[in-house]
Amino acid sequence: MNKTKRIALCGMLTALALALSLVERMLPVELLIPIPGIKLGLANVVTMFALLFLTPKEAYTILICRVVLASLFAGSITQLLFSLFGGILALTTTWLLLHKRGTWFSFYGISAASAAMHNVGQIAAAMLVMQTTAVIAYLPLLLVASIPMGFLTGAILDVLHRHMRHLH
């Protein structure tokens, strides 16, 4: 794929991730899983997809652009920090585990680990912002919730990969 097409694809993936992020904020996930702050992680599917079909640098760029834009459109500086910590830790986990895919991990396991690390990153940001370690008590609940959320995004990624692997 030439440079112009790669840039265009990165722009489209950033726009898709941003749209999913903004739509996800409107979904009442708490009605299904009564844990404050829980999200499906649909925008993370886009960055994991980018990691599969583009370079790590491009995937990180898409993530950072999405987080910054989503925070500008509907968030705050605190949200930017939480999303950045969580997103970078999640994407790094995905990148590291993708090398073990098939041998040790499926997309489901990779995505669940990524979701868990996203929560770890958000708790780290909360500890930094709130200047307390007390928020770590919320982590076990978030980690339990990350398993079904991660499996859902892993299922979506698995379907996308099966239907689009010819892009490689």
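Residues numbered from 1 in each chain as written. Predicted model: local features only at pLDDT ≥ 70, side-chain atom pairs only at ≥ 80, totals over all residues. Heavy atoms only, no water.

Details of unusual backbone geometry
Our working rule: Under the scheme used here, helices are H or I runs from DSSP no shorter than 4 residues and strands are E runs no shorter than 2 residues, and both carry numbers assigned from the N terminus. For the exposure calls, accessible area comes from a 1.4 Å probe over protein chains only, and a residue counts as buried if that area is under 20% of its type's maximum, exposed if over 50%, partly exposed in between.
Residue Q131 is not a glycine yet carries a positive backbone phi of 55°. By the element assignment, Q131 lies in the loop between α5 (107–130) and α6 (139–164). For Q131, a relative accessible area of 66% translates into the label exposed.

A short note on the packing of aromatic side chains
Rules: Any Phe, Tyr or Trp ring, taking Trp's six-membered ring, that has another such ring centre within 6.5 Å forms a pair; planes under 30 degrees apart are called stacked, those over 60 apart edge-to-face, and the others tilted.
Per the stated rule, a full pass over the model turns up two aromatic pairs. Arranged with centres 4.5 Å apart and planes meeting at 40°, the rings of F49 and F53 form a pair that is tilted. With F49 and F53 both in helix α2 (residues 42–53), this residue pair falls four residues apart, about one helical turn. The exposure classification of F49 matches that of F53, with both residues buried. Relative to F151, the ring of Y108 has its centre 6.0 Å away and its plane inclined at 55°; by these criteria the two rings are tilted. Of this pair, Y108 sits in helix α5 while F151 sits in helix α6, placing them 43 residues apart in sequence. Using a relative accessible area of 41% as the deciding quantity, one classes F151 as partly exposed.

Some words on a nonpolar patch on the surface
So the rule is basically this: Within this analysis, patches are made of residues with over 30% relative accessible area and no salt bridge. Like charges are joined at 9 Å or less; nonpolar side chains (Val, Leu, Ile, Met, Phe, Trp, Tyr) at 5 Å or less. Per-residue accessibility takes into account occlusion by the displayed protein chains alone, with areas from the Shrake-Rupley method and a 1.4 Å probe. Take a side-chain nitrogen of Lys or Arg and a carboxyl oxygen of Asp or Glu: if they are within 4 Å of each other, that pair is a salt bridge.
Together, I64, V68, L69, L72, F73 and I88 make up an exposed nonpolar region whose accessible area comes to about 510 Å². The element that contributes the greatest number of residues to the nonpolar patch is helix α3 (residues 56–74), accounting for five residues. Along the chain, the position of I88 falls in helix α4 (residues 77–98).

Points about the state of the cysteines
Here is the rule: Note on terminology: pairs of cysteine sulfur atoms within 2.5 Å are recorded as disulfides.
Going through the model one piece at a time under the given rule, you end up with zero disulfides. Of all cysteine sulfurs in the structure, the one in C65 sits closest to C10, which takes part in no disulfide; the separation is 8.9 Å. Under the relative-accessibility criterion, C10 is labelled buried at 14%.

Topic: the environment of A17
Turning to its location among the elements, A17 is positioned in helix α1 (residues 3–26). On a C-alpha basis, the gap between A17 and K39 in space is 14 Å, while along the polypeptide they are 22 residues apart.

Focus on the nonpolar core
Across soluble globular proteins, you tend to see nonpolar side chains buried next to one another. Our working definition: We define the nonpolar core as a collection of buried residues of types Ala, Val, Leu, Ile, Met, Phe, Trp, Tyr and Cys that are connected through side-chain atoms lying within 4.5 Å of one another. Note on contacts: a residue pair qualifies if any of its non-hydrogen atoms lie within 4.5 Å across the two residues.
Counting residues in hydrophobic clusters, the biggest one holds 24 residues, and the most contacted among them are L13 and L54. Going through the elements one at a time, α1, α2, α3, α4 and α5 are the ones with two or more residues in this core. Per-element accounting of this core gives the leading share, eight residues, to α2. Contact partners of L13, with chain neighbours within four places excluded, come to V46, F49, A50, L54 and I62. Membership of the second largest hydrophobic core comes to 13 residues, among which are L40, V135, A145 and M149.

Looking at the side chain of S71
As a reminder, the rule being used: N or O atoms closer than or at 3.5 Å make up a polar contact, with two conditions inside protein: a donor-capable atom paired with an acceptor-capable one, and, for residues adjacent in sequence, both atoms drawn from side chains.
Structurally, S71 can be placed in helix α3. Overall, S71 belongs to the buried group, its relative accessible area being 8%. Reaching out from S71, the side chain makes a polar contact with the backbone oxygen of V67 at a distance of 3.0 Å.

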